[in-house]
Amino acid sequence: MKVLYKNQLIDREQAQVIDIEDRGYQFGDGVYEVIRVYNGHTFTLKEHLTRLFESAKKIKLTIPYKKKEITALVFQLIQANQLTEGTVYLQITRGNQSPRQHDFHLSQQSESILTGSTNPKAVNRAQLQQGVKATLIPDTRWLHCDIKSLNLLVNLLANAQAHEQGATEGIFHRDEIVTEGSHSNVFIVKNKQVITHPANHLILNGITRQVILAQCAATGIQLEEREFTRKELLEADEVFFTSTSTEGQGITEIDGQIIGDGQVGPLTKQIQQLVFQEIN
Ligand code: PDD
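Remember, it's a predicted structure, so these values are computed and weren't measured experimentally.

## Here we look at the sheet that holds strand E6 (residues 113–119)
Here comes step 1: Spatially, six strands are ordered E2-E1-E6-E5-E3-E4 in an open sheet, and the strand pairing comes out antiparallel. Two strands lie at the open edges of the sheet, namely strand E2 (8–11) and strand E4 (41–43), each paired on one side alone. Adjacent strand axes in the sheet meet at a mean angle of 30 degrees, parallel and antiparallel pairs treated alike.
Here comes step 2: Strand direction decides the pairing type here: strand E3 (residues 30–38) and strand E5 (residues 86–93), joined by eight bridges, are antiparallel. Residue pairing for E5: valine 34 is matched across the bridge by tyrosine 89.
Here comes step 3: This element, helix H2 (residues 45–58), spans E3, E4 and E5 of the sheet and lies at about 175 degrees to E3.

Here's what the structure looks like:
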């Protein structure tokens, strides 16, 4: 198994020692991406790299490689690990700066550290046919959720709480407004209209979300980007969440309340199919 370290592929076993003062460890000072690989090919890699560079710019982190260099490294990694179905994880931190200090201006002279790995986990398409449970959780994150930052503690706590309650995903809400999932974007369907939170600083503008927006526009499915409330969520005809890891997953129960008729709805299925077509 190979991993990416800076701009080289090295053996997984060699990549045990990362500087203990790497700012990724000390502060979560970095950004990341998760990219899908289907049939040995990356899906929407360009969009993921665009977002990686945007996230880096928003935290004033310089990525010392060009997009096409990272693209080549990702392809090499996929090939070296013979990955056909799974994901690539890319992370870039502001590097090490000893001794630990908050001001990152000094560390800007130090090198940002790019790392990457693969995970041969295919999408569980059988599960997509069945609905899952979700639970509502107050969104106590910061106000820069558009940045795909390594700081994921609130997301991790929300996801853990969801699992402790027998649910698959935690759905964040700020007061009455539903924002997104702990690691996904959330959509509702009401009277054949699909609704999702606008792409602003309160959510991550998911690449899967963007694919769905484009597909809905192309096929005439009505979709509105607007805020919706917890009440609208619970009274929706259908609810689903989307991410690189899961594509589109129907939610049929939230906090014990059955959504719609308790089955994965027709528009959710249609959108799952549209994503599937886009991949193939
Ligand atoms: N999570 N919102 C949040 C908070 C996320 O963490 C993710 C993805 C998404 C969906 O984004 P995309 O469609 O680009 O995957 C939305 C990734 C998969 C993760 O952290 O593992």
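## Details of H2
Here comes step 1: Under the 1.5 Å per step criterion, the end-to-end length of H2 is 20 Å for 14 residues, consistent within 8% with the ideal 20 Å.
Here comes step 2: Of the residues making up H2, those classed as buried are Leu45, His48, Leu49, Arg51, Leu52 and Ser55. All buried residues of H2 fall inside an arc of 160 degrees around its axis, so they share one side.
Here comes step 3: Those residues of H2 that are buried are in contact with E3, E4, helix H3 (67–80), E5 and helix H6 (207–219).
Here comes step 4: Backbone geometry just after H2 places lysine 60 at a positive phi near 60 degrees.

The rules behind the values
Residues numbered from 1 in each chain as written. Predicted model: local features only at pLDDT ≥ 70, side-chain atom pairs only at ≥ 80, totals over all residues. Pairing = 2+ DSSP bridges. Helix = DSSP H or I, 4+ residues; strand = E, 2+ residues; numbered from the N terminus. Axes fitted to C-alpha atoms, helices over the stretch in contact; angles between N-to-C directions. Contact = placed C-beta atoms within 7 Å. Expected span 1.5 Å × (residues − 1). Buried ≥ 20, exposed ≤ 12 C-beta atoms within 10 Å, placed from the backbone. Arc of directions from axis to C-beta.

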